[in-house]
Amino acid sequence: GAGVSQSPSNKVTEKGKDVELRCDPISGHTALYWYRQRLGQGLEFLIYFQGNSAPDKSGLPSDRFSAERTGESVSTLTIQRTQQEDSAVYLCASSPSGTTNEKLFFGSGTQLSVL
Amino acid sequence: GENVEQHPSTLSVQEGDSAVIKCTYSDSASNYFPWYKQELGKRPQLIIDIRSNVGEKKDQRIAVTLNKTAKHFSLHITETQPEDSAVYFCAASKNNFNKFYFGSGTKLNVKP
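The rules behind these values
- Residues numbered from 1 in each chain as written.
- Chains lettered and ligands numbered in written order.
- Predicted model: local features only at pLDDT ≥ 70, side-chain atom pairs only at ≥ 80, totals over all residues.
- Heavy atoms only, no water.
- Helix = DSSP H or I, 4+ residues; strand = E, 2+ residues; numbered from the N terminus.
- Rg over C-alpha atoms; globule rule 2.2 N^0.38 Å.
- Salt bridge = Lys/Arg side-chain N within 4 Å of Asp/Glu carboxyl O.
- Phe/Tyr/Trp six-rings, centres within 6.5 Å; stacked < 30°, edge-to-face > 60°.
- Buried < 20%, exposed > 50% of the residue type's maximum accessible area, 1.4 Å probe, protein only.

A. Inspection of the overall build of chain B at higher detail. Summing up its helical and strand segments, chain B has zero helices and eleven strands in all. The N-to-C order of helical and strand elements in chain B reads β-β-β-β-β-β-β-β-β-β-β. By the compact-globule yardstick of 13 Å for 112 residues, chain B fits well, its C-alpha radius of gyration being 13 Å. Dimensions of chain B, computed from the C-alpha atoms along their principal axes, are close to 40 × 25 × 20 Å.

Right under this line is the structure:
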């Protein structure tokens, strides 16, 4: 595709339910990031994948959050037993090689609302 | 870890005026400072960046300055236009590039 694709664009769920968010990076991009953007706030780092290396999960806020990536393709972010404080926009970004000081290409995000 | 603070949170200017957004960072090892623009309902996009080996970089109406001693960097937009209205985010990273630390954002409103 032409850019980073995320789905769904909007997700409304009930407290306690599990949700799965999907990210399709730009073809050939080895690095993939997940960020969380709460209303009116900055971008909060969640997790980073680089090729076949072990992911950097240091930003995941709790064990309810997990993410997977198959090779250098699609990634899914899973939030279990959602809470109202999980409501936010979840942004995915990719970069060509994950080398130092490289431009991030963002998706349009998934707006998650937990009722 | 790194802490990036950004000011102001909102900025309103008249079309044609200049706008300045300032960020400070805490980790002296940070060496790369990008700025992203996020228009309403759209994804963030890189507009300019600066590395620690230079003090200033300019691209048409946009410039960024870096003061490594004081650990702050600024975005300058001259001759602002309504299409400059957006939220601007600064960020900092170092050689462990997997973590870009973002500021809280500045909502810029350019009044025609």
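B. Focus on the pattern of salt bridges. Inspection of every chain in the model, using the stated rule, returns eight salt bridges over all chains. Note that Arg36 of chain A and Glu44 of chain A form a salt bridge whose closest N and O atoms lie 3.0 Å from each other. Taken together, the salt bridges that share partners define one network made up of Asp49, Arg51 and Lys57 of chain B.

C. Geometry of the packing of aromatic side chains. What the rule picks out here adds up to 14 aromatic pairs over all chains. Taking the centre distance of 6.0 Å and the plane angle of 75 degrees together, the rings of Tyr35 of chain A and Phe45 of chain A count as edge-to-face. Residue Tyr35 of chain A is found in strand S4 (residues 31-37), and its partner Phe45 of chain A is found in strand S5 (residues 43-50); the two are separated by ten residues along the sequence. By the burial criterion, Tyr35 of chain A is buried, and Phe45 of chain A matches it. Geometrically, the ring pair formed by Tyr25 of chain B and Phe33 of chain B is tilted, given 4.7 Å between the ring centres and 40 degrees between the ring planes. Here Tyr25 of chain B falls in the buried class, since its relative accessible area comes to 6%. Every member of this aromatic cluster is reached through a ring pair, and the members are Tyr33, Tyr35, Phe45, Tyr48 and Phe106 of chain A together with Tyr32, Tyr36, Phe100 and Phe102 of chain B.

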